[in-house]
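The primary structure of each chain is shown beneath.
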Amino acid sequence: RPVERYVPINLPHPAVARRGMWRGGQMLKSWYITFFQLPALPEAGILAGEARKIAEAFRGDAGHPENFSDAVVDAYRRNALRPGGMRAMINYYRANYVELAAGRTLVGEERSDTPTLMIWGAEDRYISAHLTEGTDAYMSDFKLLKLPGISHWAQQDAPEAVNAALADWLPR
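The numbers attached to residues start from 1 for each chain and follow its sequence in the written order. pLDDT decides what is reported in this predicted model: residues at 70 or higher carry local features, side-chain atom pairs at 80 or more are listed and counted, and totals for whole chains, interfaces and linings draw on all residues regardless. Neither water nor hydrogens contribute to the side-chain values; these are computed over all heavy atoms in the structure.

Caption draft 1: Fine view of the environment of Ile54. A run of DSSP states H or I qualifies as a helix once it reaches four residues; a run of E qualifies as a strand once it reaches two. Both are numbered from the N-terminal end. With respect to the helices and strands, Ile54 occurs in helix α4 (residues 41–61). Taking the C-alpha atoms as reference points, Ile54 and Trp120, 66 residues apart in sequence, are found 21 Å from one another. Filtering out sequence-adjacent residues up to four positions away, Ile54 remains in contact with Ile46, Tyr76, Arg77, Ala80 and Met86. Note on contacts: a residue pair qualifies if any of its non-hydrogen atoms lie within 4.5 Å across the two residues.

In structure tokens form, the structure reads like this:
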């Protein structure tokens, strides 16, 4: 098997996301995905002011903004400001939009035997926690860990909790 273990962090299973997109206000939370379909405008808006929107997104959403040091935020900003960098970041959403809007996913409905630990920042303002519900129907070995008070950026917002969960779950 090519993947021995899988740890999505605030990333729902595509089939669960497809079914849950129209429930619980998720479509309103996902407004930016539709905005990202416009050519050039999203890149220009995010990159304005030396990509200050990136710092605002990380620190403004965080449960622990102190974990987003200037050095960390500047690394993201520098990569976004590289020629084609922001476009590459936004193209992820552009590539998946057609399938999502059509109610399709590139992943099938079959169950996976890959052991999966889903880590979820419970205060994610972009993806509703209801998009974790039903994931176990697609994973034969599934564990969900919700981190209260933590944002979409869980690995940076709560690095100690994420690292502890990984250390406990991964084989030694």
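Caption draft 2: Inspection of helix α5 (residues 70–81) at higher detail. With 12 residues, α5 should reach 16 Å at 1.5 Å per residue; the first-to-last C-alpha distance of 16 Å fits that figure. To sort residues, take the accessible area from a 1.4 Å probe on protein chains only and compare it with the maximum for the residue type: under 20% means buried, over 50% means exposed, and anything in between is partly exposed. Buried residues of α5: Val73, Arg77 and Ala80, and no others. Angularly, the buried residues of α5 cover 60° about the axis, an arc narrow enough to put them on a single face. Those residues of α5 that are exposed and aimed more than 90 degrees away from the buried face are Ala71 and Arg78. Under the convention used throughout, the expected extent of a helix is 1.5 Å for every residue step, that is, one less than its residue count. Here the arc refers to the set of directions running from the helix axis out to each C-beta atom.

Caption draft 3: Examining the environment of Asn79 more closely. Following the sequence through the fold, Asn79 ends up in helix α5. The sequence separation of Asn79 and Met89 amounts to 10 residues, and the corresponding C-alpha distance is 9.6 Å. The residues contacting Asn79, other than those within four sequence positions of it, are Gly85 and Met89.

Caption draft 4: Spotlight on the pattern of salt bridges. One side-chain nitrogen of Lys or Arg within 4 Å of one carboxyl oxygen of Asp or Glu is enough to make a salt bridge. Enumeration over the complete set of coordinates arrives at 7 salt bridges. The closest approach of N and O atoms between Arg52 and Glu56, which form a salt bridge, is 3.6 Å. Here Arg52 pairs with Glu56, and both are found in helix α4, just 4 residues apart, close to one helical turn. For Glu56, a relative accessible area of 40% translates into the label partly exposed.

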